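# Survey of secondary and tertiary structure
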Amino acid sequence: MMSWTPPRDREKYGVAIYNFSGINDSCIKLSVGETVHILEELGGWYFGYALHNKALRGVFPKSFIQVRDCIVDKTGPVEVVTARLPPIVQEVTAVLREWGVLLRKLYVERKKEFTLVRDTMKELIAHRSKILSGQLPGDELKQLKYRITHGIDRVNARLGLDLVVRDENGNILNPDITSAVKLFRHHDEAAAQLRKHEASDGRVPTVRRTPHLSWTAHVSIKNIIIKVPEPSEISLGLYIGDPREGKERPLTEAFIIPWTDDGYNGHPDLLLKLKCLFTDLSTVTLDDNQVWLIGSVIRLGSMASKEVDPRRISAVLGKKITSNDSMRRPFGVVMMDVTSLIQKQKSVTVPSNGSQEVDQFAAFYPCGEKETLDLKKLLSSRSDAVRDNRTGFQGIWFTFQLLNGDLKQLQEDNAHYVALRDVPVALRLGLSDVIMPGDVRNDLYITLLSGEFSRGAKTCDRNVEVTVRICDEKGNLIPGVIHQGCGKGPLDEYHSVTYHHEGKPRWAETFKIALPIEEFKKAHVKFTFRHRSTNDVKDKNEKPFALSFVKLMQSNGTTLMNTDHELIVYKIDGKKWNDNDWSYLNLPWQRINGEELTKSWNHGVAPSLKDSFTISTTFCSTKLTQNAELLRLLEWGWSGSPDRTTLESCLQGLRRVPSEELMVFLQDTLDVLLEILMNNSTDDDSDNKVFEALIYVITIATDKNKHEAFQPVLDTYIQQNFHATLAYNKLIHVLKYYVEEGQNADRQETLKKAMKCLQYVFKFIIRSRQLFVELYGRGQEEFEKSLQQLLEAMASMMKHTVDTTLTVQAHCLKYITTTIPDIITTFDAVIMSQILVKMIDNLDQKRIPKQKLMTMNEIIHSELFKFPECRKVLLPSFIDHIRRLLAANEELVLCVKILGDILDVLFSSDVGPNHEDISLLSTRLLEDILSIVYKMTRDDPLNCKFVSVLVSLLRQMSDRHYQNFLNQFQTSDQLCNFLLELLMVVENLVKEPVFPSDWAEMILLQNSVIVKVLQKCSRVITERVRDPFREAVWFNFFHCAIDFITQPSLQLEDFTQSKRNKILSRYRDMRRETALEIKSLWFSLGQHKIRFVAGSDDRQNMVGPFLKMTMLPDVELRKATIPIFFDMMQCEFYSLRDQEKDLPPDMARSDQKIKGKFNEFENEMLEKLDQLVESGHGDEHYREVFQNMIGALCEDHATMREPGRKLVHTISRLMDRLLQYRTIMNNPDNSAETRMSCIVNLLDFYSEIHRKELYLRYVYKLSELHLACDNYTEAGYTLQQHAALLRWSPDPLSSALRSPHHISLGRHDELKEKLYEEIISYFDKGKMWEDALTLCKELVKHYEEVIIDYVKLSELLTRMAVFYKNIMNPQNLRPEPEYFRVAYYGRGFPAFLQNKVFVYRGNGFERLADFTSRILDQFPNAELMKKLTPPSDEVKESPQQFLQISKVDCAMQEEKFSSAHVSEQIQSYYRANHVKVFTYSRPFHRGQKDPTNEFATLCIEKTTLQTSYSLPGILRCFQVVRTKSIELSPLENAVETMSSANREVYNLVKRYVQDSTLPLHPLTRKVSGMVDAAVMGGIVNYEKAFLSDEYIESHPSDAERLDNLRHLIASQIPLLEAALSIHASRVTEPIAGLHEHMVSSFSKMKAQVQEKYGEAEMPEDLRNEVCPLRIHSLLSMNSEQSARSSYLYSTQDTKWLPCSSIEMDSEELRPPREEPRQDKSRLSFTRGLHAISSLSSEFMFMSMSLSTSQSSLSRLSTSGKVCGGTLPRHHKISSNFMNGTPSKSAKKEKSFSRLLRRESFTSQREPSTQWFDRSDSQLAPPQPIFELTEQVTIPLTRERPKRTELEPERLLIRPRSLTMSSSLSPTPSPSLGSRESLMSTPTGSICEEEAPPPLPVKMRDQDSDSVSQRLSAISLQAANPSCIISDISPEPPQKPPRPDKSYSQEDPSPP
């Protein structure tokens, strides 16, 4: 039977190439492109999983999968399979996936990093495609890889993601195969690079490597724009020096470019070949000089320029130019300063081949026919380049690229680089900085500088041309050895430029002579001078007129020196001169200073005394030297001369050779010295001299400052060219001699140099021995012995203590380690290790300790340290030295570096077994390292380095190492001390991390090591610390472990999915492992558990730490650790009850009493739960798991069932509230009110369970939140909660009652007094002076009777007086806030709001619309319900949010403040404060609605709400705890409405009687609305609905209510009469017309009402008050001397003595009894009013328009309070209108007249309902709007006898609680707009044909200080009525004019 088998490693990774949906449950679904991990295979099927979902495994067909080559990583706990792609591609893929998730989040949150991430992702995708193409060369791939990694790191740093660490090749480090020290160092370097990048303004750095000393400039000609008349050539080269000052010198050979006027049109391929490499440019030269690109343009033709035949262009281009063809004439120069280009490109040491090249332009400067190419003169005469009309400036376009390295290196590193192939190379005029063995060069550069030639027989200066030839000693021409420059072939002879009639030409032309060495020694250079004629015929016959020559070798065997040479010019006798004659070689060739020449002819030549010729030579040779001293030594060595004297002279002369020259001939020099040393067998002193010379040469070659580049040359020489097989014996012997003579001052200088060259001395020794063995193969024992003796001598030298040897010892220690790689190839490594240890140990401890450590470090990195046998010798010594320095706190930087290097080396796999080494390190250094880490501060830069060493050591320790280490502690105290220190270090590392948070790999590695350490500690604690029990060790372990697993770096839920998977695959979930260790250790405590549950020290209580651990969001961890709490409950429950205080808690034995409860556990649990949940721990899942698990355990426990059940229930409830609190507080969208409500929800719970300390904690949170919102009143009430818990006693405060704001106060009375002061201050700011006085009174008692502090008492009483004044001062504006009912329906609200009703206190003048908007802003997703009807259960349980908002009225609690005699300032406060009961009404129709009179079916549902606390309080809202609703029938509604209206008029009259300063407009508004005949439709509707015969017959049970309604209608008349009497006494001219109209309307109303319902008696208290006013009015009417011009009078003449105030409750105001009509005397009292009423038709105001306004004037009370209704939401009424003086804010508002136009004069008071609760028929249509001012009041008269013995109690039947809707009539009846119109008037009293009343008289600039004038009734009677109504239209206006804003609206009452 076949079975599933695992595939091969290379077949474990595949990609789905088809979609696979599966055929059964055992299959997994795959989509095209998904990658799979193949675990097993069988037949045609695979078993495995998709990499994106590793949890789901199944089978899938093989045919659907394409297997890809992969890498299987088995280093971690889980096998990881990845595609075999370049590591950089894998990294880019992972990064793109991770950033893809973040990109969406950044876009949603509108973060500015979105653009950066998006653009970088695009770049990464493009770079990834390039890499996958596989077509990039190595260097471009390296550059691209660097750009990718840098971009990733940059974005990660901006996003706060983890820092990625890479190796030297840019690959991500694998922590599993990297030591902790190396991982730390890579993190540190990466972070430093990022900081450096940020400091460099974000510029992307390029790849840098160690720059080569040589540079190569690649110049590519792109275009030439130079117009030449004849064929020409451009000699282009690099120069140093400024040509503008004439200081230019050629730096390189020239690049020759042929050119014609037609260019390369016929040969475009030639233009592509115009490239050149200027190589061997040294760094020093480029840095220290100005570099120019200069090209000389030479015309090839006759003396005068001619046009060239185009047909000759091709011939010219391909033809080799010879001297016989044409002259070389100057045409101009092109030049450009390239210094800036060089410096810019030098910063990039890797060529960016893919980058776009930038074209450069070198301008062309022409030269005239008679000018020379002297650049200084040329540039000074021409400041601008030549400009061509068609092509712009003339010149050369080219690209310039500087490459690091010589030509050989560039061709090796950039083999693909086409620009380096087959390109002419222009060498530097000098040798390379580095000359490798085998490099041969022998070039002589000659520069023709200048000359001076006489005219001879000519009349003008000659046109001189110099011809140069190379000849041998026989005068024969050596052909083809002259090179004008690269790009042009060799020449037989060179012709200079010919200048026109120039006697002193300056050529500055350079050419090269390349001769073999054999020919060079015999050759010479011959210069002939010829005149070139302008006549071609004559020119052909011209012969040389002079010659010069120079020999290439000097008489002493050296070559021509590199300097200027002034040659002797020999005149030629043409007749005697033979060109082949070489006899001139016997003549001198150079002028010598001070030596005079004599003119003597010899073989047809004679020296010219006047003519001169100067050249300059530069010789570049590796075989021929210009130094005579060096030549003597080389010749002596080659000849093998036995002359010792000459040898000593040669060796001394060697020191005089320049170092540069010596380096050129380094190989030859070393060969000679070693040969002399081998062949010298007699004279020891000669050996010493040769050795000193050898050391001198090696020192120069290894000088890092000058010739560092020659070290590879030296290495190459030793390995390839060295052949001295016997030199090792002499070298060992001589070096040993110098070492033994170390204290000899004469030998110390050489010994110092020898120590510095120790590496190469031993290289010579070892290489010599190797060559000897290859040849002879013997003498190994003798060699090892002699070498050991040498090394022992060096070790003995370390014992010297004299100061003169200190430098030698330091050099020996520094450089001895460089010899180790060579020595161990032929010498025993262990012996070498022992000798090195001796060297270090022999040195005194105080001598050069730093160098000693550096030597140790070098040994650690040597091959010697990789051998275990050598480490046994080296490591103990190193550890001893390090321990001594650590103990002395010295050289800590080097010590920690050495320790890190040791651990890093030991971690590698190529060092063999390291068990003993780790054991040695742990036993001897672990405690020291722990101590240092424990003592170091976190800001110490060495701290993280020591931590990395500690982590590395602990990581490399095996179980056996831990066991051996812990076993070395013999006593329990020693072990406990170590464990405590270790645990404290670990805890500090967790609490205060030393590594930055983005060093994820380092932190995770550290955590994995800590897990291992905690496991070892847990085991040893269980085994060795339980008996005797060491509580501190156990406690520290628990805390350390819990801090470890709760650290942020281990919370996998906070990481991305990719990072989480990466951590789990490598380290697993370290939290679970540690939690299981904690659980295991807890249950191993046994009887000691109680110490950690109910310990005397709160710090040792483990409830909080365990709670924090169990709250981690890991299901398995929670389930494993939560049972610990039940065990804790059991421990305390069964603990000893009567435990002595001094003893630790203990468990009860069998015969002892148990505690029987777990109150301490409960207290700690609740307190820590509060802290942890608020800080972000725990969730709903935890609450459920805790409740289920602990609840189940308690249910199974018979004894603890009930208390356990209670505790679980309490904790569950608390967590619900805490989670709600955290959610609300952490959401910035939640309003402050929502947060306050959430806090109060917690306060209620803590108050319920009596947790004072937690209760007060949230009291102060709530107080701070109130203060932040300027809710000073609520903040004061909140602090009162704390003050209420305190007593007026000096008892000390418990910790639960202390205030976090007053920590220093420790007594009850102190803290309570301080809190009262704060609360009083807050109440003062909130203008709650009544509440502040309550507290002040309590403080008064305390100051006066308890502490007897009269100073404080006097200050407090003064403050109280201020509070009383503030209360009564009408200038102090205290708005009466409105209250609103808010119902939250639905489960979408927070739990503490769901399906609950609250009453809110409004903000100041906030009205319903503003409040609704504010609540909806807090819950933008909520839906506002349009009806006040209760919602259905479906709505309540829906997940949505529904809001029901309505206005409610306050039910005044304090009845004593409701009396009329109480000041309005006091009443207004208690109307809106300390309220707990609220009411609102909802109108509805019962039965079929009557379309003609809806009053007949209009019912009212009156609802009373009671809140949990009175408002204001600690919140601005409280929950409704009790609701009661009653229904009022239509008749009861009518009675309620009438009763409320009567009560309002009564109270208004009482206030005006008591306070004459009140503004008149509230009274005007009220009376006008009630007496106007046009608004009596409401009473008419009442009569139709209820007082009809039909209704009376059908409702006999309503007889009493109907009678009551009649009485209420009749009772309005005396109340209105009293009001009009007061109005008449204070009327002013502007409102005189309105008052007349009011009187007229009232007379009609009174007549009609009294006719129907009889006359009602005025209440006695009002009668007594109003009586004086009536008398005054009567007297005023009978006066005959009044005139209309004098009807105004002062209010000072109308004073009355108000009667005593009578308090009238609603119960005392009963309906009056009917009485017989009064006699005539009573009627005469009203005669005046009756007389005035006859004018009503002429004085009638526009009452219809006035009554149909939409807003009710009842909104404006006497206090200035706006009570809601139809006023605009933004409108505010200032209370300053009460005293007649408008405030500043009031002036900014609309005038009182404009307010009136929005008030409703309907027939009923508007109920406290909302617009959306009314039916369409209830909404009044728009009505005309009038603006009113105060008008004249007319005294009243009676027309009918009043009803006798009316009882005042019947006037007001019901309290003012019910209101009605605005309009109930389907037509715009004027009777349905105002509650003022509810005062009864006879039916049918509306007279639509009556004339309207006059508009208010307008008064401009009324002085408020002047005496106000009143209009008397008698003056009105006597006046001509036509004067009043002459300007008034008989029809009502469509839109009445508004009063002018300048008119005074106040009542000008006397001050």
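Predicted model only: the values in this text are computed from it and were never measured. (Residues numbered from 1 in each chain as written. Predicted model: local features only at pLDDT ≥ 70, side-chain atom pairs only at ≥ 80, totals over all residues. Heavy atoms only, no water.)

### Remarks on a nonpolar patch on the surface
- A contiguous nonpolar surface patch, about 310 Å² in accessible area, is contributed by Trp4, Ile23 and Trp45.
- Note that Trp45 resides in strand β3 (residues 45–50).
- Accessibility expressed as a relative area gives 31% for Trp45, which makes it partly exposed. (Patch = residues over 30% accessible without salt bridge, like charges linked within 9 Å, V, L, I, M, F, W, Y side chains within 5 Å. Areas by Shrake-Rupley, 256 points an atom, 1.4 Å probe, with all protein chains shown as cover. Salt bridge = Lys/Arg side-chain N within 4 Å of Asp/Glu carboxyl O. Helix = DSSP H or I, 4+ residues; strand = E, 2+ residues; numbered from the N terminus. Buried < 20%, exposed > 50% of the residue type's maximum accessible area, 1.4 Å probe, protein only.)

### Some points on a negative patch on the surface
- Judged by side-chain charge, Glu781, Glu782, Glu784 and Asp828 come together as a negatively charged surface patch.
- Mapped onto the elements of the fold, Glu781 is located in helix α22 (residues 780–797).
- The exposure class of Glu781 is exposed, given its relative accessible area of 65%. (Lys, Arg positive; Asp, Glu negative; His and termini not counted. Charge placed at Lys NZ, Arg CZ, Asp CG, Glu CD.)

### Some words on the packing of aromatic side chains
- Taken as a whole, this structure holds 62 aromatic pairs when the rule is applied.
- For the pair Phe965 and Phe969, a centre-to-centre distance of 5.5 Å together with 85 degrees between the ring planes defines the contact as edge-to-face.
- Here Phe969 falls in the buried class, since its relative accessible area comes to 7%.
- Within the aromatic cluster, the residues linked to one another by ring pairs are Phe1029, Trp1034, Phe1037, Phe1038, Trp1082, Phe1092 and Phe1106.
- Between the NZ or CZ atom of Arg110 and the centre of the ring of Tyr107, over which it lies, the distance is 4.8 Å.
- Over the ring of Phe545 we find Arg462; its NZ or CZ atom is 4.1 Å from the centre of that ring. (Phe/Tyr/Trp six-rings, centres within 6.5 Å; stacked < 30°, edge-to-face > 60°. Lys NZ or Arg CZ within 6 Å of the ring centre and 35° of its normal.)

### Some words on the packing of helix α37 (residues 1103–1110) against helix α40 (residues 1159–1174)
- Between α37 and α40, the least distance of the axes is 9 Å, while the angle of their chain directions is 50 degrees. Comparing the axis directions of α37 and α40 gives the class oblique. In the crossing of α37 with α40, the sense of the turn from one axis to the other is right-handed. Contact residues: α37 offers Val1103, Gly1104, Leu1107 and Lys1108, while α40 offers Phe1161, Glu1164, Met1165, Lys1168, Leu1169 and Leu1172.
- When its residues are assigned to classes, the contact of α37 with α40 shows 6 nonpolar, 1 polar and 3 charged. (Axes fitted to C-alpha atoms, helices over the stretch in contact; angles between N-to-C directions. Parallel < 35°, antiparallel > 145°, perpendicular 65-115°, else oblique. Left-handed = near helix turned anticlockwise from the far one by under 90°. Contact = heavy atoms within 4.5 Å. Nonpolar A, V, L, I, M, F, W, Y, C, P; charged D, E, K, R; others polar.)

### A few points about the side chain of Asn442
- Residue position: Asn442 is located in strand β20 (residues 442–452).
- Since its relative accessible area comes to 9%, Asn442 is described here as buried.
- A distance of 2.7 Å separates polar atoms of two side chains, one belonging to Asn442 and the other to Ser621.
- The residues touching Asn442, leaving out its near neighbours within four places in the chain, are Ile513, Ala514, Leu515, Pro516, Ile517, Phe520, Phe619, Cys620, Ser621 and Leu624. (Polar contact = N/O pair within 3.5 Å; in protein donor to acceptor, adjacent residues only side chain to side chain.)

### Topic: the sheet that holds strand β26 (residues 544–551)
- Reading across from one edge, β23-β21-β25-β26-β28-β29 is the order of the 6 strands in this open sheet, with antiparallel pairing throughout. What marks the edges here is a single partner per strand, and that holds for β23 (493–495) and β29 (605–607). For this sheet, the mean angle separating the axes of adjacent strands, direction not counted, is 25 degrees.
- Pairing geometry for strand β25 (residues 524–531) and β26, over 7 bridges, is antiparallel. Within β26, the position partnered with Phe529 by the bridge is Ala546. (Pairing = 2+ DSSP bridges.)

### A closer look at the environment of Pro77
- Within the fold, Pro77 resides in the loop between β6 (70–73) and β7 (80–83).
- For the pair formed by Pro77 and Arg1068, sequence separation is 991 residues and the distance between their alpha carbons is 7.9 Å.
- Sequence-distant contacts of Pro77, that is, excluding residues within four places in its chain, are made with Ser1065, Arg1066 and Arg1068.

### Overview of unusual backbone geometry
- A cis amide bond, omega 5 degrees, links Asp1027 with the succeeding residue Pro1028.
- With respect to the helices and strands, the residue Pro1028 is situated in the loop between α33 (1000–1024) and α34 (1031–1045).
- Put simply, Leu1511 and Pro1512 share a cis peptide bond, and its omega is 0 degrees.
- Structurally, the position occupied by Pro1512 is in the loop between β36 (1498–1511) and β37 (1517–1528).
- A positive phi is found at Glu891, a non-glycine position, where the angle reads about 50 degrees.
- Mapped onto the elements, Glu891 comes out in the loop between α27 (868–887) and α28 (892–907).
- One non-glycine residue, Ile1348, lies in the positive phi region at around 50 degrees.
- Residue position: Ile1348 is located in the loop between α47 (1329–1346) and α48 (1350–1368).

### Here we look at the sheet that holds strand β24 (residues 506–514)
- Strand order in the open sheet formed by 5 strands is β22-β24-β20-β30-β27, and the pairing between neighbours is antiparallel. The open sheet has two edge strands, β22 (482–483) and β27 (564–567), and neither has a second partner.
- Alignment of β20 against strand β30 (residues 612–621), held across 10 bridges, turns out to be antiparallel. Paired with Ile446 across the two strands is Thr617, which belongs to β30.

### What about the nonpolar core?
- Within the largest apolar cluster, 325 residues are counted, with the highest numbers of intra-cluster contacts made by Met794 and Phe1106.
- No other element matches the 12 residues that α33 contributes to this core.
- Non-local contacts of Phe1106, meaning those with residues more than four positions away in its chain, are made with Phe1038, Ile1042, Ile1078, Trp1082, Ile1124, Phe1125 and Met1128.
- Residues Ala523, Phe549, Val550 and Ile572 belong to the second largest nonpolar core, which totals 61 residues. (Core = buried A, V, L, I, M, F, W, Y, C linked by side-chain atoms within 4.5 Å.)

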